[in-house]
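# Residue-level structural notes
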Amino acid sequence: MLHRLTLSELTQRIARRECSAVEALESCLAQIDRVDGQVKAFLSVDREDARAQAAAADKEIAAGRSSAEKPLLGVPVALKDVLAHKGQPLNCGSRILGKFVSPYDATVVTHMKDAGAVVFGRLNMDEFAMGSSTENSAFHTTLNPWDTTRIPGGSSGGCAASVSAGECFASIGSDTGGSIRQPAALCGCVGVKPTYGRVSRFGLVAFASSLDQIGPFTRDVRDAALLTQVLSGYDRRDSTSIPQAVPSYVGSLTGDLRGMKIGLVKEFMVGGLDPEVDAAVTAAVRQIQSLGAEVVEVSLPHSEYAVATYYIIATAEASANLARFDGIRYGARVDGADPMELNSRTRGAGFGPEVKRRIILGTYVLSSGYYDAYYLRAQKVRTLIRNDFLNAFEKVDAIVSPTTPTAAFKVGEKAADPLQMYLSDIFTISCNLAGICGMSLPCGFTASPKLPIGLQILGKPFGEETMFRLAHAYEQSTGWHRERCPVG
Amino acid sequence: MEYEAVIGLETHVQLKTRSKMWCGCANQFGAPPNTHVCPVCLGLPGVLPVVNDEALRLTALTGLMLNSKISAHAKFDRKNYFYPDSAKNYQITQYDRPSTEGGWFEFEYDGAGSLDGLARVKITRAHLEEDVGKNVHFDRFSGVDFNRAGVPLLEIVSEPDLTSSAMAYEYLTSLTAALVREGVSDCDMEKGMVRCDVNVSVRPKGSQKLGAKVEIKNMNTFSGVRRALDYEIPRQMAVVAAGGAIPQETRRWDELAGITETMRSKEDAHDYRYFPEPDLMPFVPVDEWMNSVRSRLVEMPLALKKRLIREYGIPAGDAEVLTNDWPLADYFERAVRGAKNSKGVANWVINNLRARLVQRGCGLEDMRFPISGIGELVELVDSGRVSSKIAQEVFEQMFERGESPAAIVEHKGLSQVSDVGAIEEFCREVIVGNPKSAEDFRAGKPAALNFLKGQVMKLSKGKANPGMAGAVLERLLRG
């Protein structure tokens, strides 16, 4: 049952020559054959290319290359359909890109290949990362491997479902308002949104440029720390990446929480929280306390404006970012009598309803006469939200909260009500507005049906080490991460 | 009532950088379509822009040239609009925090609004943006060439200080000459490196209130700007004089018909939905960077011209020619060092050296004769050692063989003959050989003397001192 191992367990086995990279990949492909008909995490898998990469990794291993040089040597890692992978389709869960094949690699793909990973597959997502359930994918809805009548979360639903279902050892997604942490929570895996500027966005198809960040999905915290380390670093092709050395995140996993101060956000303790989620998070906080950390209350007074602020800034940026999909140079095209008609017909047919809704909203908030009232004001509130966090981090080293207000909901349950859907991101959104780091890890299950519950940890800007240390110590003192879903 | 025109210009120039504004593709005109392109300038999904530092430097240099304030905090913005030649359907530009603000530009102009042959136009700003691709239309379809997409473009916005088409023309000519001189842009009109939007309104003479602004877009020749204004200004004045009102609108210039026509009215104006470019950080120039830009600033054409006249006493026309050909001016300044007759040197540099260079299609760097050569040649003529005719021959030798004039005169024996005895011998021979002309002169036809003089020069192979030859001939004929 190779496919059930964590990434670190796999690399150890490969290092001891107990299994090969090809075997590791084949275990994933076999698991995809077995379960992806139910889970539907993948949009496509180029098996030939993946097998060639795995065979090449085995050759390197045979030649004596060690995982000390290439920490992901022979590890199959899958990609969200929003990341450019040379020679592979790039659709962003949308019809509008048609048969587009990326002619280049995203910087994170280069980093992973350099680290020896077998990069394969295109994972399903909400169209252009807009959504919280994958129901906005133009192709199909991915289902939660814990209960296939439920959504896996989104937008990186395919990433979370594939890792939980054992179809890959890790996956790489993107998080604009919770798109990594929310599905990680709902599928019972670990998901990390690094600090803005920590990971290069070059090759990530932009939804909201000032909020987007790439991060990993894994089965435990050690794997998450390792992958974050591989993905991180300054990239001259991304002017918003920050030239700051990448520390050893794996090295920060000391298990020691003594002297650490943890904040609970006063404004997050509101109604609407599912009692089982509440109980699991409360228990997790007690557990963290028992490990030697001090827990105090902190205030983020502008929290209530986070969702509104987010939907102004994110949609404004999206309205410009998505303007390039016009059918002129690449992707699907619906012809018209003139370029303008071609453009509107292509976009009319190519984008789904949620994407159109957000483009229209974003266009509106930037339009002449409304800019000051919406976009400019939202930017000011954003600064206040960031300052709230920076003030809180004067007092504490990290903040913990639920990742989501409820466990995974049923397919179709919120699809008709965008606002309800938006509110499922209430705990995750402000992290992106503030540009800080955050992650989600399992902290329990609901009773019946058995569904994962996620604990969110928020860290200071470039405070990943502390965040991972806390997550790791907590995880190791519980057994939640060892639970496997029915199809896993 | 008398009316006056109020004109402001937005001049777009392509910057002279090796690579494009946001990527490493070559900034090069004339390549086959879509050969200087990459994922970034094609706007493929997932790419990000990275600012070209040289473009920022050339922008700051322009700011210094225009006496502008260089912003301590410049940022980029997105200007949103759909057009097939745009790779991203937004243009990255500078909206409310341009790289340079304010300033002025002085140029030669003799007309209304000038003082002592000079005019000064205030500059609003110069901001950096990116060029778009080029649409190409075929029989049944259109194509887009993205080689030009992402080429750095500097937009220099003037205040509405211009008052006539002639003044606008002079402003554009002088401004682009200065930009070429500073190495900011090649400003090659043929290659579309300069484009211009013209804002023009009219108002009763002396009024302070501006009339409704008409914008004439996408002018790509200066003569076009002049002609468009020569059409548009009287058109507006006629409307206003007849009691009508000019609506604020955008017009296009029809080069063939020689008229402007409505493109879109104010109501149809684009809402560009500007907002800060989130993919780029604001640019804050540090002192060291600014100093290195400042050190690149060279003397502007007008300043050079004024100085050439003042320092060397050469005629304004010659100074103008030299100013318009900076390497030649530089050559002149080096050649004239130590020469007594700077006017003579200027004359030779302009009328002989330049002409030969053009004729031969070679450059100053190909000249092998010493830099002091022309000065020495002028000195040989001025001292009477060679005739100006022989001097031409000496110059040819200098040009071809790279030798100094003294050496050429020496070994070819080209020194002018000023010996009275030798000249008398030539003259006697000519008079004997041309009895008819000698008779004509004696009969009172002075023109015959010129013919005889020519024969003397011919006989002496040009070496006879022409002044002496004339005097000796006259003496012999009358005697």
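The structure this text deals with has already been given above.
The following refers to the structure shown. Everything numeric in this text was worked out from a predicted model, so none of it was measured.

## A word on the overall build of chain A
When you go through chain A residue by residue, the secondary structure sums to 15 helices and eleven strands. Summarising its shape, the C-alpha atoms of chain A cover approximately 65 × 55 × 45 Å along the three principal directions. The buried share among the 488 residues of chain A stands at 62%. Sequence-distant contacts, at least 24 apart, represent 76% of the contacts inside chain A between residues at least 6 apart. Carbon and sulfur atoms make up 52% of the accessible area of chain A, which totals about 16,400 Å².

## Thoughts on the layout of surface pockets
Within this model, the second largest pocket holds a volume of roughly 1,100 Å³. What lines the second largest pocket is a set of 42 residues, among which Y375(A), Q379(A), P276(B), E277(B) and P278(B) lie closest to the centre. Contributions of two or more residues to the lining of the second largest pocket are made by α12 (372–395) and α14 (429–434) of chain A together with β15 (275–276) of chain B. For the lining of the second largest pocket, the leading source of residues is α12(A), giving seven residues. Residue composition of the lining of the second largest pocket, by class: 20 nonpolar, twelve polar and ten charged.

## Let's talk about the pattern of salt bridges
In this structure the tally under the stated criterion is 57 salt bridges over all chains. In this structure, E18(A) and R16(A) form a salt bridge, with 2.7 Å as the shortest nitrogen-oxygen distance. Between E403(B) and R401(B) there is a salt bridge, with the nearest N and O atoms lying 2.9 Å from each other. What emerges from the salt-bridge pattern is a single network uniting R201(A), D238(A), R78(B), E277(B) and D279(B).

## Some words on the packing of helix α13 (residues 435–442) of chain B against helix α15 (residues 466–478) of chain B
All names here are of chain B. As a packed pair, α13 and α15 sit with axes 10 Å apart at the nearest point and diverge in direction by 80°. Looking at the two axes, α13 sits roughly perpendicular to α15. Residues A438, F441 and R442 of α13 pack against E474, L477 and R478 of α15. Of the residues that constitute the contact of α13 with α15, the class distribution is three nonpolar, no polar and three charged.

## With respect to a nonpolar patch on the surface
All names here are of chain A. A cluster of nonpolar side chains, Y364, Y370 and Y374, forms an exposed patch at the surface whose accessible area comes to about 270 Å². Following the sequence through the fold, Y374 ends up in helix α12. Judged by its relative accessible area of 31%, Y374 is partly exposed.

## Notes on the packing of helix α8 (residues 342–360) of chain B against helix α9 (residues 373–382) of chain B
Residues and elements named next belong to chain B. At a minimum axis distance of 9 Å, the contact between α8 and α9 shows a crossing angle of 110°. Accordingly, the angle class assigned to the pair α8 and α9 is roughly perpendicular. The chirality of how α8 crosses α9 is right-handed. Here α8 contributes G344, V345, W348, V349 and L353 to the contact with α9, which in turn contributes I374, G375, L377 and V378.

## So, helix α11 (residues 405–412) of chain B
Residues and elements named next belong to chain B. Taken as a whole, α11 has its buried residues at P405, I408 and V409. The buried residues of α11 all sit within an arc of 95° when viewed along its axis, so they share a single face. Structurally, α11 contributes buried residues whose contacts are with α9 and α10 (388–401). Where α11 terminates, the next one or two residues include G413, which has phi positive at roughly 60°.

## What to know about the interface of chain B and chain A
Taken together, the contact pairs 30 residues of chain B with 38 residues of chain A. Of the roughly 2,700 Å² buried at the junction of chain B and chain A (both faces included), carbon and sulfur atoms supply 62%. The three residues of chain B that bury the most area against chain A are P45(B), L48(B) and F82(B), which together make up 24% of that side's buried surface. Between chain B and chain A we count one salt bridge in total. Among the salt bridges present, the one from R201(A) reaches D279(B), with a minimum N-O distance of 3.0 Å. On the surface where chain B and chain A come into contact, there are 17 residue pairs in polar contact (both at pLDDT 80 or more). For the side of chain B that touches chain A, the secondary structure elements donating two or more residues are β3 (77–80) and β15 of chain B.

Parameters and conventions
Residues numbered from 1 in each chain as written. Chains lettered and ligands numbered in written order. Predicted model: local features only at pLDDT ≥ 70, side-chain atom pairs only at ≥ 80, totals over all residues. Heavy atoms only, no water. Helix = DSSP H or I, 4+ residues; strand = E, 2+ residues; numbered from the N terminus. Buried < 20%, exposed > 50% of the residue type's maximum accessible area, 1.4 Å probe, protein only. Contact = heavy atoms within 4.5 Å. Areas by Shrake-Rupley, 256 points an atom, 1.4 Å probe, with all protein chains shown as cover. 1 Å grid on protein atoms, 1.4 Å probe; cavity = no way out; pocket = protein on both sides within 12 Å on 5 of 7 lines; lining within 4 Å. Points joined across faces, edges and corners; volume = space filled by probe spheres on them. Nonpolar A, V, L, I, M, F, W, Y, C, P; charged D, E, K, R; others polar. Salt bridge = Lys/Arg side-chain N within 4 Å of Asp/Glu carboxyl O. Axes fitted to C-alpha atoms, helices over the stretch in contact; angles between N-to-C directions. Parallel < 35°, antiparallel > 145°, perpendicular 65-115°, else oblique. Patch = residues over 30% accessible without salt bridge, like charges linked within 9 Å, V, L, I, M, F, W, Y side chains within 5 Å. Left-handed = near helix turned anticlockwise from the far one by under 90°. Arc of directions from axis to C-beta. Buried area = accessible area lost by both parts, 1.4 Å probe. Polar contact = N/O pair within 3.5 Å; in protein donor to acceptor, adjacent residues only side chain to side chain.

What is shown is where atoms sit, not what they do.
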